[in-house]
Amino acid sequence: MILNDEEKAMLAGELGIVAKTAIEHQIKVGRFFGAQDFVPVTQAHIMADTESLGQAGVMWLERLADAGEGGVRIPTITDPRGTDFEKASFLGQEEWMLELERRAIAAFTRLGVSMTDTCINYQTILAATRGEHVAFGDTGVVIYSNSVGGARSNFEGGPSALSAGLTGRTPRYGFHLDGQRQATLRVRVDWTPRELSDWGALGGVVGRLANNYWQVPVLEGLDRGPSSDELKHFGAAMASFGSTALFHLVGITPEASRLSDVGGDKLPVAHRIGKSDLDALREAYAVEKNIDVVVFSAPQLSLYELRDLAALCDGKRFKKPLLAVTSPQVKPDSDRFGYTQRIESAGGTVLSGMCFYQSYAREMQEAKGWKRLATNSAKLVNILGGYGYVPMLATMQDCVNAAMTGELK
């Protein structure tokens with residue numbers, strides 16, 4: 001790779017062992033993907049839940065922090081943690097899990113990382129804008145920032161995202177390049193979703209069709225522009241089902257004012273998607289009627305989602321636990337506006353700063369007896385089968401009703 005003078009100084013150890021360790025890692029990544037040089041980045045976002053890090057990962061963080069040479073060079077934030085400390089006992093989490101979290105948080109803090117603990121930073125912290133090069137980790141964050149914001153990021157693994165924060169740059173490959181952002185798959189949509197769960201289902205269908213990180217779907221035929229929350233569920237599911245990092249919606253997303261802007265006019269319509277395709281995806285998960293728990297998570301809920309959930313909870317009393325997971329930035333407003341109280345008066349629990357599947361979900365299932373799970377997140381149903389759950393996709397209204405009756409209809 002071609003290095004400038006500052007990068008050469010980092011590699012030579014002139015700026016300390018932390019910067020040297022970081023850029024050595026980035027050079028390996030860059031060479032693997034054929035990057036010719038580095039691109040400066042303005043923000044980094046790290047996925048680093050301790051279930052994924054384990055003891056070895058936390059010890060690596062601690063070694064970097066113990067070097068005492070300073071830390072990140074650019075604003076660097078974190079994805080959801082593995083717990084909400086105030087609700088850890090309710091979740092059945094054990095002390096060793098919490099201690100690992102405390103150690104990771106302490107190490108990140110010493111490195112200058114801001115503990116935002118969110119996967120919806122584009123709704124809460126600072127949305128990346130068109131043409132802005134960033135180093136983001138969470139797949140839902142990347143696909144939203146690339147597609148809706150027009151920013152430029154690859155999926156950055158935890159060490160790579162932290163390295164970007166420590167060096168202020170990332171290898172220039174993939175979605176940092178103009179050519180990689182052109183459409184490769186043209187899809188016609190014959191029915192525009194209305195519910196968040198339907199937008200997630202559409203994302204899941206498109207993701208399965210793409211089924212490749214380097215595929216860039218372009219969709220035409222939507223009869224209106226989706227809201228931020230609808231785009232959030234759509235993109236998060238597409239990234240989960242297909243490893244997709246970028247999509248275009250003709251006339252809606254910033255790089256595709258016209259089909260020809262992203263080369264879609266040169267592609268045949270490869271697939272047409274109707275309501276029946278979305279129904280088929282949902283019905284593939286409708287294997288049970290009785291449920292043990294309802295979870296709204298993955299992505300974390302916005303203030304408007306909590307508002308809508310609170311309205312559905314008014315006057316209700318839940319027979320089964322209902323969990324609503326949001327970010328530390330949204331939770332205080334939810335408290336202030338009374339949404340949290342309304343949800344919890346019905347028997348629900350509002351959690352902050354975590355994500356259900358990154359919070360020792362298998363151990364939670366065993367501790368709490370939760371197996372059959374209802375959610376309106378297509379991303380979550382795609383993931384939780386691997387943790388031993390039987391997940392079912394439904395609307396927010398139907399999920400609330402299931403918490404009341406114990407049965408999903």
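Further up the page is the structure itself.
These figures come from a predicted structure and were not determined experimentally.

(A) Looking closely at the sheet that holds strand S8 (residues 248–249). Strand order in this open sheet of four strands is S8-S7-S6-S9, and the pairing throughout is parallel. Strands at the two margins of the open sheet, each flanked by one partner only, are S8 and strand S9 (269–273). Here strand S7 (residues 217–220) pairs with S8 via two bridges, running parallel. Each residue of the ladder has a partner; that of Val 218, found in S8, is His 248. Sheet strands in contact with helix H8 (residues 196–210) are strand S6 (185–189), S7 and S9, and its direction is about 150 degrees off that of S9.

(B) Up close: the packing of helix H11 (residues 303–313) against helix H16 (residues 396–405). Contact geometry for H11 and H16: axes closest at 10 Å, N-to-C directions at 45 degrees. Compared by their axis directions, H11 and H16 come out oblique. Of the two elements, H11 crosses H16, and the hand of that crossing is right-handed. Seen from H11, the contacting residues are Glu 305, Asp 308, Leu 309 and Leu 312; seen from H16, they are Met 396, Gln 397 and Val 400. Taken together, the residues of the contact of H11 with H16 sort by class into four nonpolar, one polar and two charged.

(C) Geometry of the sheet that holds strand S3 (residues 76–78). Overall, parallel pairing links the three strands, which are arranged S3-S2-S4 in an open sheet. Two strands close off the open sheet at either side, each with one partner strand: S3 and strand S4 (135–136). Two elements, strand S2 (residues 44–46) and S3, share three bridges in a ladder whose sense is parallel. Its bridge partner lying in S3, His 45 is registered against Ile 77.

(D) Layout of the packing of helix H6 (residues 139–149) against helix H9 (residues 228–242). Packing of H6 against H9 brings their axes to within 8 Å, and their N-to-C directions diverge by 120 degrees. With respect to H9, the element H6 is oriented oblique. The way H6 lies across H9 gives a crossing that is right-handed. Across from Thr 139, Gly 140, Ile 143, Tyr 144 and Val 148 in H6, the residues of H9 making contact are Ser 228, Leu 231, Lys 232, Gly 235, Ala 236, Met 238 and Ala 239. Residues belonging to the contact of H6 with H9 are distributed by class as follows: seven nonpolar, four polar and one charged.

(E) Representation of helix H10 (residues 275–284) in the model. All of the buried residues in H10 are Leu 278, Asp 279, Leu 281 and Arg 282. One side of H10 holds all its buried residues, which, seen down the axis, span an arc of 160 degrees. H10 presents Ser 276 and Glu 283 as exposed residues on the side facing more than 90 degrees away from its buried surface. Where H10 is buried, its residues meet H8, H9, S9 and strand S14 (390–393).

(F) Looking closely at the state of the cysteines. Tallied over the entire structure, the rule returns zero disulfides. The cysteine Cys 313 is free of any disulfide, with Cys 399 supplying the nearest cysteine sulfur at 11 Å. Free of any disulfide, Cys 355 has its nearest neighbouring cysteine sulfur in Cys 119, separated by 5.6 Å. In this structure Cys 355 comes out as buried when scored by relative accessible area, which is 3%.

(G) Layout of the packing of aromatic side chains. As enumerated under the stated definition, the model contains 13 aromatic pairs in all. Taking the centre distance of 5.1 Å and the plane angle of 45 degrees together, the rings of Phe 155 and Tyr 213 count as tilted. Here Tyr 213 lies in the loop between H8 and S7 and Phe 155 lies in the loop between H6 and helix H7 (158–167), a separation of 58 residues in the sequence. Their ring planes at 80 degrees and their centres at 4.9 Å tell us that Phe 234 and Phe 247 sit as a pair that is edge-to-face. With a gap of 13 residues between them, Phe 234 in helix H9 and Phe 247 in the loop between H9 and S8 connect regions that are remote in the sequence.

Definitions and limits used
- Residues numbered from 1 in each chain as written.
- Predicted model: local features only at pLDDT ≥ 70, side-chain atom pairs only at ≥ 80, totals over all residues.
- Heavy atoms only, no water.
- Pairing = 2+ DSSP bridges.
- Helix = DSSP H or I, 4+ residues; strand = E, 2+ residues; numbered from the N terminus.
- Contact = heavy atoms within 4.5 Å.
- Axes fitted to C-alpha atoms, helices over the stretch in contact; angles between N-to-C directions.
- Parallel < 35°, antiparallel > 145°, perpendicular 65-115°, else oblique.
- Left-handed = near helix turned anticlockwise from the far one by under 90°.
- Nonpolar A, V, L, I, M, F, W, Y, C, P; charged D, E, K, R; others polar.
- Buried < 20%, exposed > 50% of the residue type's maximum accessible area, 1.4 Å probe, protein only.
- Arc of directions from axis to C-beta.
- Disulfide = S-S within 2.5 Å.
- Phe/Tyr/Trp six-rings, centres within 6.5 Å; stacked < 30°, edge-to-face > 60°.

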